[in-house]
Amino acid sequence: MFTQIITYCLLFFFNTLTSAAVIGVDFGSEFMKIALISPGKSFEIVENIATHRKTYNILGFVDEKRVYETEAVTKRARYPENTFTFMNKYLGIGKYHFGGSDYEQCLVQGKLNYELYIHSLDETRDSFMFELKDFHFLDSNETVKLSAEEIVAMILKYGSKLSNKQAGFKVK
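Cut-offs applied
- Residues numbered from 1 in each chain as written.
- Predicted model: local features only at pLDDT ≥ 70, side-chain atom pairs only at ≥ 80, totals over all residues.
- Heavy atoms only, no water.
- Pairing = 2+ DSSP bridges.
- Helix = DSSP H or I, 4+ residues; strand = E, 2+ residues; numbered from the N terminus.
- Phe/Tyr/Trp six-rings, centres within 6.5 Å; stacked < 30°, edge-to-face > 60°.
- Buried < 20%, exposed > 50% of the residue type's maximum accessible area, 1.4 Å probe, protein only.
- Salt bridge = Lys/Arg side-chain N within 4 Å of Asp/Glu carboxyl O.
- Axes fitted to C-alpha atoms, helices over the stretch in contact; angles between N-to-C directions.

A. Inspection of the pairing of strand β2 (residues 31–37) at higher detail. Pairing geometry for strand β1 (residues 22–27) and β2, over six bridges, is antiparallel. Note on β2: the bridge partner recorded for D26 is K33. As consecutive antiparallel partners, β1 and β2 are separated by three residues. Relative to strand β4 (residues 55–56), β2 runs antiparallel, the two sharing two bridges. Across the sheet, the residue bridging to F31 is Y56, located in β4. Relative to strand β3 (residues 44–45), β2 runs antiparallel, the two sharing two bridges. Looking at the pairing, A35 lines up with I45 of β3. The hairpin formed by β2 and β3 contains six residues between the paired strands, and G40 there has a positive phi angle of roughly 80°.

Okay, here's the thing in structure tokens:
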């Protein structure tokens, strides 16, 4: 009896998975492309708000809100220290990536190309932290610091929203 219940639960679970739409993401340095795969259909490339197949891989923080894509690209000239791109270069990189060098040397290495971005190194997570300049969420006066993983997660969440909009339903 217990075996039959487990079997039915597994069949239901796998049936749910096979009837779900999923997305695949090519997350490059400057652009990302998103493929939407739905059951019974061939895959399609998700278009951004300007109906382009390539979506800018950029996130900006301006006027207490997050901006993406072309809006973030245009805001980058005015707010370069609050606009983030090439974040995939920072994923999984920390002190041990540079041969276990000390904290200061790691910051120097990380700031070679991105001196506007990097603020500090979170030693417990061994990842770079990025400080937003003159930007505060809501009415907080606290300085906002984000990791590369958090910034990439926000960009991927935006890509997921684009996929949901094109599919007409929530993509898993």
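B. Spotlight on the packing of aromatic side chains. Within this structure, the stated rule accounts for four aromatic pairs. Taking the centre distance of 4.3 Å and the plane angle of 5° together, the rings of Y68 and Y158 count as stacked. Here Y68 is found in strand β6 (residues 65–68), whereas its partner Y158 is found in helix α4 (residues 148–167), with 90 residues between them in sequence. Each member of the pair, Y68 together with Y158, is buried. The structure contains a cluster of three or more aromatic residues connected by ring pairs, namely F61, F84 and F130.

C. Inspection of the pattern of salt bridges at higher detail. One pass over the structure, following the stated rule, counts one salt bridge. Across the pair K65 and E71 runs a salt bridge, and its minimum N-O distance is 3.9 Å.

D. Summary view of the sheet that holds strand β7 (residues 83–85). The three strands are arranged β6-β5-β7 in an open sheet whose pairing can be described as antiparallel. Strand pairing shows two members of the sheet lacking a second neighbour, β6 and β7, which therefore form its edges. Strand-to-strand twist in this sheet, taken as the mean axis angle between neighbours without regard to direction, amounts to 20°. Across four bridges, strand β5 (residues 58–62) lies against β6 in antiparallel orientation. Bridging across to β6, L59 finds its partner in Y68.

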